[in-house]
Amino acid sequence: MHSLTRHNGPVRRFLIVISALLAAVLVGVAVLAFISVRKSFPDTAGEVRVSSLNSDVTVKRDGKGIPQIYADDPEDLFFGQGFVHAQDRFYEMDFRRHVTAGRLAELVGKNALDTAKYAPTLGWRRVAQQELALLDDKTVALLNAYSRGVNSYIDGKTGSDLSLEYSILSLTGPDYRPEPRTPVDSLAWIKAMAWDLRSNMSDEISRVLSTEKLTVDQVEDLYPDHPKDHDTIVGRSGNLDGGTFGPRPTEPGLARSAVASLTSAQKGAAALPALLGTGDGIGSNSWVVDGRHTTTGKPMLANDPHLAPSMPGIWYQVGLHCRTVSKACPYNVAGFSFSGLPGVVIGHNAKIAWGVTTMYADVADLYLEKVDGDTYEYDGKKVALELRRETFKVAGGKATSIIVRSTQHGPILSDLDDDIANVGAGKQSTTTTGSYAVALRWTALTPQPTIKAVFALDTAQNWDDFRAAAKLFTVPSQNLIYADVDGNIGYQSPGTIPIRTKGDGRWPVPGWDSAYSWKGSIPFEALPTVYNPDEGVIVTANNKVIGDQYPLNLGADTAPGYRSQRIRDLLTAKVGGKQKKFSVHDMSRLQMDTYSANAEQLVPALLDVPLGSRYYRQGQDTLRGWDFRQPADSAAAAYFNVVWKNLVELTFHDELPKSEWPDGGERWFNVMRTILGKPNSPWWDDATTSGRRETRDEVLAEAMRRARDELTMIQSRNPREWSWGRLHRLTLVNPTLGDSGVGVVDRLFNRGPYDVAGGGGLVDATSWDASKGYEVTAVPSMRMVVDLANLDRSRWIQLTGASGHAFQAHYNDQTELWVDGQTLPWLFSAKAVEGADDDTLTLVSTRGRTS
């Protein structure tokens, strides 16, 4: 699970160079920081005169710096949002712009070139430019208004005026002057979101790379089916219950012959910073219940997306309000936005609320291509490759360029690794095994402007409006849940999901055979949906959407449902024979549930294994009577997770290439479940030992012994002094300068570490990577609970704070609350906002005024 933190190797490589330069000017950094740290702080009170507004815009901020923006027309409203985003998060926006445009080397130097090359190869900005041409005038006007708001704030300012990061970077070069914002910058950011949430491309590659040591059948064992006792999102009250699946053809044998090129594609993908994060821990929880399950008699909706931690956090809380809501100005919405993108992505308006989780729909396929010079084979014919040159400017260096090659399926990803000889020059022969090129077909590379869905969701007034907005949500494919003030709840699968006539998307397929081409996409009307289910509960946690009665292939690589089943079990629990009713507080507590279903299935087997010496039994004894919960101060949780790390290492490392070592996340809970009842399964055997065959109990015992020794070494000989939180720590790292290796610079921007509860595959999903350590790699990036009976009783929190300015009061003033499981009041009505107003900034329109 990579992120823009110290966990991201490619980003770290170019930061090492920055570190060397910065080390030479440490004294300058200290002086500069003292003088400049407050230079970029924005004014959040008073008046700013603006020439490009129709009328005044008011920005009211509460005690956490969260803005509520009021205007008389939509263009002024989104101008205000752009202005405020730039005030608080311009560097974050600019960094994202450089990544999505393949221009990161312009900002940080030549060692960002590997990263810079990938986005232009995929063509994010090129597709975004095509999408802009497809938009209606009204949507373009809103995008332009947002960009004008950003540009109004940055006009006349140097980089150092805008953010401390620019001041630090200027130590190794001239002060940076940002260029104006454009609508394409916003559209390209949607492509970056879609890339990080692109479903199973990594799993496709991993399956093939695992065949380096395993048979295809063994690889399939590591991707077990969704457990039958874990519910799908849509049951038989949803649409399209007819039909059955037959066997799905795959081409694993062919893909095994392309390991080198697939390794190349994997390395290229890893070079691109994961702006939201990737891997098993990237997902979300959401649920909605009707009034029968609440103390208010009206629905409640909860959501907490699991993304990579960063400093600042990924989300920006905001309210967008037309002073008079009308057809001409229909916005009255609040929730979570992305800096750089207009509108509210997740939240509620005065009538409806919605939440989002990753659907893991399979919207991308890898095609093996027979490339010869500047041609490739398709149905027995030679077809010319599409070639285009991409040029990259480099801060402090010379510009460089690459040739991007594409087939009709999409860009060739395997060109992005220098280890494949002659590929970049277009000279690769395909006469020998293993020399296939690898091209990507991905729905997001077909122009489909998802931005319209954001504006439509923000103004939707009922279920029909919501579904109409969902139809526009083409990429990324996400689970959408719904509730309204009239008491209705619902779920909709959206997105462009391809129909495959051959192959099922789990393995790369031959690009030269037209039988493997896509045959359109699943019609929106045929996608799973449910409205007011009999049970009154809908839960989505990246689990399987609908059962095998559904006749179309949505994708095989969903989460196995450990989180979703736990949530559903709690929501449907009976108390005294009656349905438990939930308050807003209860919903917030549920989001912090640290119960480990993995521990529940594994601990009985661990306790059945004799360990002999008292020293080792003391570790094992921490599990006796344990309730399987993982608070930060739990000794049992510390021991269990160290056992789990060692168990997956002992069971699987000997049989997998290093690049495919298990991260120990939710999928691996399911893998372990399938072999735990088989004491003599070949998976328990250590392939590196000859002449003997290890059994399950031997491996469990060794995992417990290693865990006891490890905790004794790093924490205490006394098990009562063990603590999960002291192992499982969260550090918030700035995406460019927070991993410089220069202590004073790191401390300027980073915050933490924090001892946290939870773990991967739990409702409180603070994930970690068992192949690397216990540090947090993905988190609930925000938490929200919406009360449809009284929107002002709703609650919200995000990981860091409103500000992206280091040392500003709201830089991380929500973090401690987030760690403790607390939330903030989410005030919505004008009266409630007025009562909590700390700062008011007025953008004064000078249009038509003489002074």
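Every value quoted in this text rests on a predicted model; they were computed, and no experiment measured them.

S.K.: Run through the sheet that holds strand β11 (residues 371–372), naming residues and quoting values.
M.R.: The 3 strands lie next to each other as β11-β12-β13, forming an open sheet whose pairing is antiparallel. Each edge of the open sheet carries a strand with a single partner, namely β11 and β13 (381–384). As paired strands, β11 and strand β12 (residues 375–378) are joined by 2 bridges and run antiparallel to one another. Of the residues in β12, the one forming a bridge with V371 is Y376.

S.K.: Before we move on, could you go through helix α16 (residues 463–471) and cite the residues and values that matter?
M.R.: Among all positions in α16, only W463, F466, A469 and A470 are buried. Taken end-on, α16 shows its buried residues confined to a sector of 120°, consistent with a single buried face. In this structure, the buried residues of α16 make contact with β9 (352–358), α15 (451–459), β17 (478–484), β18 (489–492) and β22 (529–531). Where α16 begins, the capping side chain belongs to N462, and its oxygen is found 3.2 Å from the backbone nitrogen of D464.

S.K.: Mind laying out the sheet that holds strand β16 (residues 437–442), listing which residues take part and the relevant values?
M.R.: Read across the open sheet, the 3 strands follow the order β16-β10-β20; overall the sheet is mixed. Where the open sheet ends on each side, the last strands, each with one partner, are β16 and β20 (509–510). Of the strand pairs in this sheet, strand β10 (residues 364–369) and β16 are connected by 6 bridges, and their pairing is antiparallel. Within β16, the position partnered with A364 by the bridge is W442. Against the sheet, helix α11 (residues 201–210) contacts β10 and β16, and its axis sits at roughly 45° relative to β10.

S.K.: Residue-level account of the side chain of N598, with values.
M.R.: Within the fold, N598 resides in helix α19 (residues 597–607). In this view, N598 contacts F640, W644 and F669; residues no more than four positions away in its chain are not counted.

S.K.: Hey, could you go over the environment of T540 for me, with residue numbers and the actual values?
M.R.: By the element assignment, T540 lies in strand β23 (residues 537–540). Overall, T540 belongs to the buried group, its relative accessible area being 0%. Along the chain, T540 and S284 lie 256 residues apart, while their C-alpha atoms are 7.9 Å from each other. Excluding anything up to four places from it in sequence, T540 contacts I233, S284, N285, S286, T357, N479, I481 and Y491. Within the structure, the side chain of T540 is placed 2.5 Å from the side chain of S286, a separation counted as a polar contact.

S.K.: Go over the pairing of β9, please, and point to the residues and values.
M.R.: Looking down a regular strand, the side chains alternate between one sheet face and the other. The element β9 is extensively covered by neighbouring structure, given that 7 of its 7 residues are classed as buried. Along β9, one buried face is formed by I352, W354, V356 and T358 and the opposite face, lined by A353, G355 and T357, is buried too. Both strand β8 (residues 346–349) and β9 contribute to a ladder of 2 bridges, which runs antiparallel. Counterpart to H348 in the pairing with β9 is A353. In this antiparallel pair of consecutive strands, β8 and β9, the connection spans 2 residues. In this structure, β9 lies alongside β17, joined through 7 bridges in antiparallel fashion. Considered in β17, the bridge of T358 is made with Q478.

Reading the values: the criteria
Think of each chain on its own: its residues are numbered from 1, step by step along the sequence as written. Given that the model is predicted, a residue must reach a pLDDT of at least 70 before its local features are reported, and side-chain atom pairs must reach 80 or more before they are shown or counted; all residues, however, enter totals for whole chains, interfaces and linings. Hydrogens and waters are ignored; side-chain quantities use all the structure's heavy atoms. In short, DSSP must find at least two bridges between two strands for them to pair. A helix here means a DSSP run of H or I that spans at least four residues, while a strand means a run of E at least two residues long, and both kinds are numbered starting from the N terminus. Burial here depends on accessible area, computed with a 1.4 Å probe over protein chains only, as a share of the maximum for the residue type. Under 20% is buried, over 50% is exposed, and the range in between is partly exposed. Directions from the helix axis toward the C-beta atoms define the arc. We call two residues in contact whenever any of their non-hydrogen atoms come within 4.5 Å of each other. We call two N or O atoms a polar contact when they sit within 3.5 Å, provided that within protein one can donate a hydrogen and the other can accept it, with sequence-adjacent residues counted only if both atoms are side-chain atoms. Only the stretch in contact is used when a helix axis is fitted, and all axes are lines through C-alpha atoms; the angle between N-to-C directions ranges over 0 to 180 degrees.

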